[in-house]
Amino acid sequence: MAGAAFLATARTDGRDWMIEADEPLASLQLRSGGELPGIVATPALLELVRKARRYGLKLARMIAAQDDHEKVTAWVEIEPEKNGEGCTIGVANWHAEPLPLEEIAVADERRAAIERHVAELTARLGPDQEVLSVECGSAELQAVAERLHEGHGRHWRDLVEVEGDGHVVTKHWRQLDGARVIVPGSARHWRARLLPLGQPEPGKAGFDLLLVADEPPARPAEAAAGARAVANAAIGRDIAPVLRQPIARIIANAETIRTQLAGPLAEEYSNYAADISTAGEHLLALIDDLADLEVVEADDFSAAPDRIDLADLARRAAGILGVRARERGIEIDAPKVGESVPAIGEFRRVLQILLNLLGNAVRYSPEGSQVWLRAEAEGGSARITVADQGEGLTSEQQAKAFDKFERLGRSGDGGSGLGLYISRRLARAMGGELTVESAPGQGARFTLELPTFEDRRREPR
Amino acid sequence: MMSATRTETSLESVETLLRDELAQGDAMISTATPILRHLLVNDDRALFSDEVVARVRAMTADAARQLLHAEAQAGQIADRASFLSEREDGLVEALVEEPAFLAHVHALSLEGTLALQLQARCSIDGVLTPLLQELVASSDDFVAGSAMAVIAAQARFIQDHRRMAMPLRELPGELFHKALLVLRSHGGARDESIVAAERALREGYDEAHGRLGLLTRLVMRLTRPAPGALDLGSAGLAVFSTALAMATGQERELTVVSFSERQLVRLALALRAAGLDQPSVEEQLLVLHPEVALPAGFDQLSAERAALLLASSPRHEA
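Bear in mind that the values here come from a model prediction, so they are computed numbers and not experimental data.

S.K.: Help me understand the overall build of chain A in this model?
M.R.: Helix and strand content of chain A: 13 helices and 19 strands. Taken across its 461 residues, chain A has 29% of its residues classed as buried. Counting only contacts in chain A whose residues sit at least 6 apart along the sequence, the fraction spanning at least 24 positions is 56%.

In structure tokens, the structure reads:
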């Protein structure tokens with residue numbers, strides 16, 4: 001059976017040249033860029049012929065070949081000639097199919113997407129390639145952009161110099177797509193890309209004209225420096241969300257280990273896991289602080305003027321930190337239910353300040369002590385005070401307490417030294433103030449003052 | 001003086017020899033445990049089961065015997081039995097040193113083992129399958145003849161598998177060539193008979209008659225996408241393996257290895273890349289691995305993405 005009934009045969013010589021071939025092998029040889037006679041041009045076939053000749057073996061395989069519009073698979077049997085140097089090739093099961101159009105379309109689409117991305121000038125053209133609008137992000141193309149802008153409504157080709165213009169009569173988009181464009185004063189090489197819009201006929205709804213350079217733009221030194229500064233200041237917006245997730249996972253896994261959910265574990269390891277978890281939580285808090293810092297230091301930072309109740313906020317803060325306080329045996333004395341001290345400020349920012357103040361008090365007060373939260377309205381301003389029974393602050397420390405990264409000599413507890421700084425910035429952004437009164441051994445009293453409704457009415461912002 | 005030097009030299013060389021031998025022995029001892037542990041607790045028992053290892057050894061020995069037999073015949077050696085037994089072990093050792101040869105024999109022994117398992121478990125015959133039966137009755141003479149030839153080749157394959165034989169004529173061209181090179185380099189002074197043996201073997205070889213060639217040719221001839229050829233239950237393991245390898249561009253050997261337990265992902269991707277829809281993929285997997293489930297979201301994967309994933313695996317080109 002095998003070896004019989006070949007569709008086509010061919011012969012090669014000792015140099016692996018194809019010296020004679022039947023159709024369709026001959027035309028495949030030519031379409032693949034080969035000659036007849038000439039070296040076997042289809043790589044898979046050449047490899048097979050070489051092997052058969054070198055090994056002196058009859059080989060039989062399926063080969064696959066591809067030219068620019070067809071995919072060919074064929075069964076070939078190759079027999080080294082008995083007394084010659086070459087081989088005879090027998091072909092059966094020839095199967096040719098056109099390359100899927102889809103692949104070509106997908107490749108085009110991808111190229112267009114890339115070019116849209118790197119284009120330094122984009123213009124929207126109407127169906128007759130008349131300029132409708134121009135968008136330009138490059139100084140080199142500014143002059144071109146202006147010409148296009150001024151020539152609103154005219155064919156873009158009349159406004160931009162295209163290479164070899166003298167001969168080009170056509171204004172058909174297919175011919176203009178990919179044309180070289182001369183940009184006076186630019187050392188780079190520019191191409192125009194026309195991306196047709198609309199269905200069913202491409203260009204029915206107009207075109208996107210892109211000017212794309214072959215070379216990347218030169219990067220000015222100061223622009224690079226500026227970009228760096230921006231990068232530094234983007235912790236909150238860009239980096240914090242990215243960092244938060246992995247750290248949260250570290251914490252969650254460490255907690256799993258610590259609580260021995262996955263099985264019993266030696267005590268030390270459980271403790272290590274607790275350390276990991278704590279460190280992760282501190283890291284998370286630090287990221288939050290840095291993100292906040294960035295927000296409050298932004299020039300355009302402002303807080304929303306909500307009507308809030310300081311007593312209610314104090315009760316909420318006490319509720320949130322109640323567990324932590326109880327762990328340390330600290331009693332929080334919050335305003336009684338029913339007490340109300342109205343003020344103007346942004347709800348979540350005020351809560352943030354109170355959590356910071358109360359958190360510090362709980363963290364740095366001796367175990368078994370008391371922390372008071374007092375809200376009161378007095379003389380047109382509302383205030384809330386957080387008082388503790390801790391060591392208190394010297395006047396020097398009080399002066400520094402609100403500085404950025406000030407830790408007041410504390411270390412190793414995971415604080416960032418940003419809490420009070422951020423709190424005061426927030427307070428001031430809401431038209432209020434955050435102050436401290438204290439003496440060593442007397443505990444500390446932090447007071448947040450905020451405007452009231454009357455205040456607001458008297459001096460509208 | 002002279003003799004003293006010679007004694008020293010030979011003493012030295014003896015010591016060197018002993019030292020080398022000792023070092024080799026040490027190396028073997030140090031690797032023995034990891035290898036043994038690997039064989040004992042390997043995750044994928046099917047790939048390295050005692051049976052498969054034994055079969056690979058026996059099949060390699062069978063190939064070596066055929067080579068030596070040809071040599072003995074060409075050299076007109078009277079006592080074939082002792083000629084063979086003297087040289088067999090050495091030649092087996094040399095053949096096993098050829099990774100491509102070893103991988104091929106391994107894949108064949110896996111295929112044979114799996115074929116018999118499927119026969120026992122799901123009554124998928126190793127030789128006569130519904131698809132082949134249908135093709136034999138085809139009005140297309142070529143297809144009918146091809147199918148007959150495949151059935152005959154499969155029957156030989158199963159028998160060879162049971163007998164742990166590795167006929168040289170069934171080797172792909174490259175490996176046949178390699179086996180002859182091994183024989184040549186192993187032959188030493190018996191040059192002439194080896195040259196004659198080689199010539200005879202090369203002349204008798206025709207890849208077109210090998211089982212793998214016949215399978216490829218048959219699958220090529222089926223209409224595309226080959227209906228039934230990618231259905232394990234109907235096509236049988238051999239046609240299925242060839243069709244899947246052709247549809248995905250993977251080596252057939254790699255395709256066969258991917259049927260084992262721990263290669264589920266490769267198999268699933270290959271099936272998807274071959275254009276099978278979700279129910280068909282599941283059906284094939286159910287035959288091979290009744291107990292496992294596809295990873296969640298696998299049904300979202302397109303054939304193109306699956307092909308891309310496969311192509312990006314480093315094993316693809318190997």
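More follows now that the structure is in view.
S.K.: Even after reading the chapter, I still don't get the interface of chain B and chain A, so can you show me in this structure?
M.R.: The figure often quoted for interface size is the accessible area lost as the parts come together. The interface of chain B with chain A comprises 17 residues on the first partner and 15 residues on the second. For the side of chain B that touches chain A, the element with the highest residue contribution is helix 9 (residues 211-221) of chain B, accounting for five residues. Per-class residue counts for the side of chain B that touches chain A are five nonpolar, seven polar and five charged.

S.K.: I would appreciate a short explanation of the sheet that holds strand 19 (residues 444-451) of chain A in the present structure.
M.R.: Two pairing modes exist for strands in a sheet, parallel and antiparallel, and in both the strands are linked by backbone hydrogen bonds. Residue and element names in this part refer to chain A. Here five strands make up an open sheet; going across it, the order is 14-16-17-19-18 and the pairing mixed. Each edge of the open sheet carries a strand with a single partner, namely strand 14 (331-333) and strand 18 (433-438). Neighbouring strand axes in the sheet, compared pairwise and without regard to direction, differ in orientation by 15 degrees on average. Two elements, strand 16 (residues 370-378) and strand 17 (residues 381-387), share seven bridges in a ladder whose sense is antiparallel. Considered in strand 17, the bridge of alanine 375 is made with isoleucine 384. Contacts from helix 9 (residues 310-327) reach strand 14, strand 16 and strand 17 within the one sheet, and its direction differs from that of strand 16 by about 170 degrees. Along the sheet, helix 12 (residues 419-429) makes contact with strand 18 and strand 19, crossing strand 18 at roughly 130 degrees.

S.K.: Would you mind going over the nonpolar core with me for this structure?
M.R.: Most often, soluble globular proteins keep nonpolar side chains buried together rather than apart. Among the nonpolar cores identified, the biggest contains 96 residues, and Ala179, Val219, Ala229, Val239, Phe240 and Ala243 of chain B are the most heavily contacted of them. With eleven residues, helix 10 (residues 232-248) of chain B is the single largest residue contributor to this core. Not counting chain neighbours up to four residues away, the residues in contact with valine 239 of chain B comprise Leu131, Leu215, Val219 and Ala229 of chain B. In terms of nonpolar packing, the next biggest core, distinct from the first, is built from 44 residues, Leu293, Ala314, Ala343 and Leu448 of chain A among them.

S.K.: Help me understand the confidence of the model for chain A, please; the structure alone is not making it clear to me.
M.R.: Any region with low pLDDT has predicted coordinates that should not be read closely. Mean pLDDT over chain A stands at 80; residues scoring 70 or higher make up 89%. Across residues 221-231 of chain A the pLDDT falls below 50, and counting only partners more than four positions away or on other chains, this stretch makes one contact in the model.

S.K.: Quick question: what am I supposed to make of the confidence of the model for chain B here?
M.R.: The predicted model of chain B has a mean per-residue pLDDT of 84, with 91% of residues at 70 or higher. For this predicted complex, the interface score ipTM comes out at 0.70, alongside a pTM of 0.51.

S.K.: Explain unusual backbone geometry here, please?
M.R.: Most peptide bonds take the trans form, and the phi angle of most residues other than glycine is negative. Residues and elements named next belong to chain A. The peptide bond linking glutamate 23 to proline 24 adopts the cis configuration, its omega dihedral lying at 5 degrees. Mapped onto the secondary structure, proline 24 falls in the loop between strand 2 (17-21) and helix 1 (25-31). Cis geometry is adopted by the peptide bond preceding proline 37, which originates at leucine 36 and carries an omega value of 0 degrees. A positive phi angle, near 60 degrees, is found at glutamine 129, a position not held by glycine. Tracing the chain through its elements places glutamine 129 in the loop between strand 7 (121-125) and strand 8 (131-136). A residue is classified by how many C-beta atoms lie within 10 Å of it, and glutamine 129, with 21 of them, is buried.

S.K.: Honestly, helix 8 (residues 191-204) of chain B in this entry has me stumped. Any pointers?
M.R.: Think of an α-helix as 3.6 residues a turn; residues three or four steps apart then line up on the same face. All names here are of chain B. The end-to-end C-alpha distance of helix 8, which contains 14 residues, comes to 20 Å, matching closely the 20 Å that a straight helix rising 1.5 Å per residue would cover. Listing the buried residues of helix 8 in full gives Ile194, Ala197, Glu198 and Leu201. Take helix 8 and look down its axis: the buried residues cluster within an arc of 100 degrees, on one side only. Structurally, helix 8 contributes buried residues whose contacts are with helix 2 (50-74) and helix 7 (173-187).

S.K.: What am I meant to see in the sheet that holds strand 8 of chain A here?
M.R.: All names here are of chain A. An order of 8-7-12-11-10-9 is seen for the six strands of this open sheet, with the pairing classed as antiparallel. Looking at which strands have only one partner, the edges of the open sheet turn out to be strand 8 and strand 9 (161-162). Along the sheet face, helix 4 (residues 142-150) touches strand 7 and strand 8 and points at about 160 degrees away from the line of strand 8.

What counts and what doesn't
Residues numbered from 1 in each chain as written. Chains lettered and ligands numbered in written order. Predicted model: local features only at pLDDT ≥ 70, side-chain atom pairs only at ≥ 80, totals over all residues. Helix = DSSP H or I, 4+ residues; strand = E, 2+ residues; numbered from the N terminus. Buried ≥ 20, exposed ≤ 12 C-beta atoms within 10 Å, placed from the backbone. Contact = placed C-beta atoms within 7 Å. Nonpolar A, V, L, I, M, F, W, Y, C, P; charged D, E, K, R; others polar. Pairing = 2+ DSSP bridges. Axes fitted to C-alpha atoms, helices over the stretch in contact; angles between N-to-C directions. Core = buried A, V, L, I, M, F, W, Y, C linked by C-beta atoms within 7 Å. pLDDT = per-residue confidence, 0-100. Expected span 1.5 Å × (residues − 1). Arc of directions from axis to C-beta.

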